[in-house]
Amino acid sequence: MEEEIYQERVEKLKKLRQLGIEPFNGPFLITHSACEILSDFETFENKSVSVAGRIVALRVHGKATFAHLDDGDAKIQVYFRMDTLGEEAYSVVTKLLDLGDILGVKGTVFKTKTGETTIAVQEYKVLSKALRNLPEKWHGLRDIELRYRQRYLDFIANKRSRDLVKLRARVISLIRKFLESKGFLEVETPILHPIPGGALARPFITFHNALGINLYLRIAPELYLKRLIVGGFNKVFELGRCFRNEGISTTHNPEFTMLEVYQAYADYRDMMTLTEELISFLVKEIHGSYQVHLNGEDLDFTPPWKRMSLNEAFKNYAGVDVESLKDEKFRLEYIREYGIKIEKKLTWANVIDEILKKRVEPQIKGPIFLYNYPKVLSPLARNQLDAPEWVERFQPIILGLEMGNAYSELADPLEQRARFLEQAKEKEKGEEEAHPMDEDFVEALEYGMPPTGGLGIGIDRLVMLLGEEDSLREVITFPTLRPK
């Protein structure tokens, strides 16, 4: 059936060309959008307009035909009459056009007897001939696998999917507006790294032919942004793609967008303030209030947000003290008791991380800051003066998800080298996500980095929250998928 439709449309394309109509030959001057006309009929009534869009409905009634054009933002009805267009031009509409074709029309605006704003077409231009049939024209594209594999069909059929792309663009634009108003400078740093650093993650590896070396797709821009702080740029941020060679799930994609922000002469307390101000600003701009109902929950984003130490959260939600998990026998008994499966080595750090993700965070509605983390989980964060095994780090948790990561940056080059060496030992023991030694970064610190606060926020999860979605795939324009 699909092949028959395809061949029929190819034949129609041939007939159009025989009539001297070349469907793939633009441009077309658009004077107004469908939204403009629909939202202000009084202004446009009896006025001449030119619009273009995809045919999503087509109804032939003898010498008159109605169609709906979707210009990407809205659908507007258009009206063709034989006595206006002439027999040959009208015959093209009724016999050679199909759902999915892209058409430009020029005509005057009026309302039908049923009250629908419509364009009476005086002339038109075929701008593209669709050779394949649109999916499920009345109900949108429902097949989830097809939606993600052929995302363009999803965008054609599902307005909700298009709206999420627009929401994402608006969120990024608002983030820039907010940070620039605070005096931050947007910068760009390398995506190809000689040493994968800035986070604990397994990188993607590529090979540079001319240099004859391995390079790594960045897992985080952090170490380059801190080099800028060393170089005298006191407030910087970057919005960019990062890559981590990890599993795919509703909350993880190997390619993702990260916001990282660094401020000299600040610490993690300043970053908490910046974080709650930024996210609350986004919530209010998009939803109109700090008090919102998202994914079935009532949330209040009014600053300041609640704060809770990580150890307090473990006691409250997991019934265990973080320090007690240092005991190997105890932590093995604990994860067996609660059925926590860990694919990595059962180190204290990995067990803490999994309990946090499996037992603590899912119970937190938020918004809340969990703060003060073990140093073993945070090789780039500054020690607490009164508890050197713990660092000044926090994570914002909203509806059970980590929305970011932030800390007072470690500026002591001797301490940083020592931590890198400890991580190198872990890597030798088979810990793939351990942080490698980066001598160049340590040398940069040796020239002096001011006290600095750093913040990273995952844009995909942030858009998930603001768009009330429960899967990253819905807010990533083209998500990574397994091969068919």
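Here, every reference points to the structure presented above.
Before going further, it helps to spend a moment on the sheet that holds strand β7 (residues 192-193). Taken in spatial order, the three strands make up an open sheet running β7-β9-β8, and their pairing is antiparallel. The open sheet terminates on both sides in strands that have one partner only, identified here as β7 and β8 (205-208). Relative to strand β9 (residues 213-217), β8 is paired through four bridges, and the arrangement is antiparallel. Bridge pairing in β9 links Phe207 to Asn214.

Time to look at the nonpolar core. Core analysis: the biggest nonpolar cluster contains 46 residues, and Val171, Ile175, Leu179, Leu259, Leu282, Phe301 and Leu462 have the highest contact counts within it. The set of elements that each furnish at least two residues to this core consists of α8 (159-181), β10 (235-243), β11 (255-264), α10 (268-287), β12 (291-294), β17 (387-398), β20 (452-458) and α16 (459-466). The biggest single contributor to this core is α10, with 10 residues. Once you skip the residues sitting within four places of it in the chain, Leu179 turns out to touch Phe184, Phe237, Leu259, Val261 and Leu274.

Take the pattern of salt bridges next. If you walk through the whole model with that rule in mind, you get 37 salt bridges. For Arg9, the salt bridge identified is with Asp98, shortest N-O distance 4.0 Å. Of this pair, Arg9 sits in helix α1 (residues 2-18) while Asp98 is found in the loop between α5 (87-96) and β4 (102-111), placing the two residues 89 residues apart along the sequence. Taking the relative accessible area as the measure of exposure, Arg9 reaches 5% and is therefore buried.

Quick look at the pairing of strand β1 (residues 48-61) now. Successive residues of a regular strand alternate their side chains across the two faces of the sheet. Strand direction decides the pairing type here: β1 and β4, joined by seven bridges, are antiparallel. In the strand pairing of β4, Gly53 is matched with Leu103. Bridge count for β1 against strand β2 (residues 64-70) is seven bridges, and the pairing is antiparallel. For Arg54, the partnering residue across the bridge sits in β2 and is Asp70.

The next point concerns the pairing of strand β19 (residues 404-408). Counting buried positions over the five residues of β19 gives four, a clear majority of the element. Where β17 lies against β19, two bridges are found, and the strand directions are antiparallel. Across the sheet, Phe394 pairs through a bridge with Ala406, a residue of β19. In this sheet, β20 lies alongside β19 in antiparallel orientation, the contact comprising five bridges. The partner of Tyr407 across the bridge, within β20, is Gly454.

So, on to the packing of aromatic side chains. What characterises a pair of aromatic rings is the spacing of the ring centres plus the angle enclosed by the ring planes. Applying the stated criterion to the full structure yields 11 aromatic pairs. A centroid spacing of 5.5 Å and a plane angle of 35° characterise the contact between Phe178 and Phe281, whose relative ring orientation is tilted. Placement of Phe178 in helix α8 and of Phe281 in helix α10 is noted, with a sequence separation of 103 residues between them. By relative accessible area, Phe281 is classed as buried at 19%. Consider the rings of Phe420 and Phe441, whose centres lie 6.5 Å apart with planes at 55°: the pair is tilted. One end of the pair, Phe420, is in helix α14 (residues 413-428); the other, Phe441, is in helix α15 (residues 439-446), with 21 residues separating them in the sequence. Like Phe420, the residue Phe441 is buried in the burial classification. The structure contains a cluster of three or more aromatic residues connected by ring pairs, namely Phe301, Trp305, Phe369 and Phe394. Here the basic side chain of Lys235 rests over the ring of Phe184, its NZ or CZ set 5.1 Å away from the ring centre. Over the face of the ring belonging to Tyr373 we find Arg393, whose NZ or CZ atom lies 4.4 Å from the ring centre.

Parameters and conventions
Just so you know, the residues in each chain are numbered from 1, in the order the chain's sequence is written. For this predicted model, a pLDDT threshold of at least 70 governs which residues receive local features, and a threshold of 80 or more governs which side-chain atom pairs are given and counted, while totals over whole chains, interfaces and linings are taken from all residues. Hydrogens and waters are ignored; side-chain quantities use all the structure's heavy atoms. Pairing between strands is defined by DSSP: at least two bridges between the two strands are required. Helix numbering and strand numbering both begin at the N terminus, where a helix is a DSSP run of H or I of at least 4 residues and a strand a DSSP run of E of at least 2. Here, nonpolar core means buried Ala, Val, Leu, Ile, Met, Phe, Trp, Tyr and Cys residues that are tied together by side-chain atoms lying within 4.5 Å of each other. Working definition: with a 1.4 Å probe on protein chains only, accessible area under 20% of the residue-type maximum means buried, over 50% means exposed, and in between means partly exposed. Should any heavy atoms of two residues lie within 4.5 Å, those residues are considered in contact. By definition here, a salt bridge exists when the distance from a side-chain nitrogen of Lys or Arg to a carboxyl oxygen of Asp or Glu is within 4 Å. Here a pair means two rings of Phe, Tyr or Trp (six-membered ring of Trp) with centres within 6.5 Å. Their orientation is stacked below 30 degrees between planes, edge-to-face above 60, and tilted elsewhere. Charges are assigned to positions over rings by a cutoff of 6 Å between ring centre and Lys NZ or Arg CZ, combined with an angular limit of 35 degrees from the ring normal.

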